[in-house]
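# Understanding the architecture of this molecule
Below are the chains, spelled out letter by letter.
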Amino acid sequence: LHAAEPIALFHFWREVGARMHIADIPSSGEEFERYNLDYERTHFRPNPGSQRVAAATTRMFAGWAGSLRGLVPPIIACLMDDPLRRALELPEPAPTLRRTVAAALRLRGHLGQTFSPRSRPNLRTTARHRSYPCGYAIETLGPPEPPGAPQE
C-alpha cells in the first residue's frame, strides 16, 4: 500500500462504523490497531461456520484456477496472517512458498505500474460474475451446511 492508504482506510472504516452507530470506535489508526490485535487474541478461535466459509471460498478460487487448482489452498494460506490461518485451522505454509508468493505479488504490482498504468478504476460492478451467473438472493448466500451439522 501507498503510505497514505492505511490512514485513508482507517478513516473510511471509522466513518462506516459511525454511520452504523457503533460506539467506542478508536480515534486513531494506532489505537485501532491495538484494539484489533486485542480482539483477535480474545475472539479468534476455530469455528465450524468460519471454516465452511473459508473452504467454500477456496473451492471457488480453485475452480477458476483450472489445472493449477492444487496450488490455491497453500497460496491462500500464504496470504493470511497467522492468527486468521490458525483460527481456520489451515496448515502453515512453507517459508519458501510464503516468500515466493510475496515476491510474485510485488512483481505483479511492479509490472502493472510499469506496463499498464490505469487512468481510471477497473470496477467489476457491471460485469457478469462467475460465482453467480444467474444472479442471487442475499438470504441464500453462503456455503451449504454439511449433512448432520448442528445449527449455529
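First things first, this report covers the structure right here in the doc.

Cut-offs and rules
- Residues numbered from 1 in each chain as written.
- Predicted model: local features only at pLDDT ≥ 70, side-chain atom pairs only at ≥ 80, totals over all residues.
- Heavy atoms only, no water.
- Core = buried A, V, L, I, M, F, W, Y, C linked by side-chain atoms within 4.5 Å.
- Buried < 20%, exposed > 50% of the residue type's maximum accessible area, 1.4 Å probe, protein only.
- Helix = DSSP H or I, 4+ residues; strand = E, 2+ residues; numbered from the N terminus.
- Polar contact = N/O pair within 3.5 Å; in protein donor to acceptor, adjacent residues only side chain to side chain.
- Contact = heavy atoms within 4.5 Å.
- Axes fitted to C-alpha atoms, helices over the stretch in contact; angles between N-to-C directions.
- Parallel < 35°, antiparallel > 145°, perpendicular 65-115°, else oblique.
- Left-handed = near helix turned anticlockwise from the far one by under 90°.
- Nonpolar A, V, L, I, M, F, W, Y, C, P; charged D, E, K, R; others polar.
- Salt bridge = Lys/Arg side-chain N within 4 Å of Asp/Glu carboxyl O.
- Phe/Tyr/Trp six-rings, centres within 6.5 Å; stacked < 30°, edge-to-face > 60°.

## Things to note about the nonpolar core
The biggest cluster of nonpolar side chains holds six residues, and these are Ala54, Ala62, Val72, Ile76, Met80 and Leu88. The set of elements that each furnish at least two residues to this core consists of helix 3 (48-64) and helix 4 (72-79).

## Comments concerning the side chain of Thr58
Assignment of secondary structure puts Thr58 in helix 3. Given the relative accessible area of 18%, Thr58 is considered buried. Of the polar contacts made by the side chain of Thr58, one reaches the backbone oxygen of Ala54; its length is 2.8 Å. Setting aside chain neighbours within four positions, we find Thr58 in contact with Val72, Pro73 and Ile76.

## A look at the packing of helix 3 against helix 4
The interhelical angle for the contact between helix 3 and helix 4, taken along N-to-C directions, is 120°, at an axis separation of 9 Å. Classified by the interaxial angle, the pair formed by helix 3 and helix 4 is oblique. Like other packed secondary-structure pairs, helix 3 and helix 4 cross with a definite hand, here right-handed. Contacts between helix 3 and helix 4 involve Thr58, Phe61 and Ala62 on the former and, on the latter, Val72, Pro73 and Ile76. Each residue belonging to the contact of helix 3 with helix 4 can be placed in one class, and the counts come to five nonpolar, one polar and no charged.

## Here's the deal with the pattern of salt bridges
Counting across every chain of the model gives four salt bridges. The shortest N-O distance in the salt bridge between Glu15 and Arg19 comes to 2.8 Å. Of the two residues, Glu15 and Arg19 are both situated in helix 1 (residues 5-19); the distance of four residues between them amounts to about one turn of the helix. Take Glu15: its relative accessible area is 39%, and that puts it in the partly exposed class. Using a relative accessible area of 64% as the deciding quantity, one classes Arg19 as exposed. With its nearest N and O atoms 2.9 Å apart, the salt bridge here joins Arg98 to Asp82. Pair noted here: Arg98 is in helix 6 (residues 95-115) and Asp82 is in helix 5 (residues 82-87), with a separation of 16 residues, a long-range link. Owing to a relative accessible area of 25%, Arg98 belongs among the partly exposed residues under this scheme. Because the salt bridges share partners, they merge into one network encompassing Asp82, Arg85 and Arg98.

## Here's the deal with the packing of aromatic side chains
Scanning all chains against the criterion turns up five aromatic pairs. Summarising the aromatic geometry, the rings of Phe12 and Trp13 are spaced 4.8 Å apart at their centres and angled 80° between planes, so their arrangement reads as edge-to-face. In this structure Phe12 comes out as partly exposed when scored by relative accessible area, which is 47%. Taken together, the ring pairs connect Phe10, Phe32, Tyr35 and Tyr39 into an aromatic cluster.

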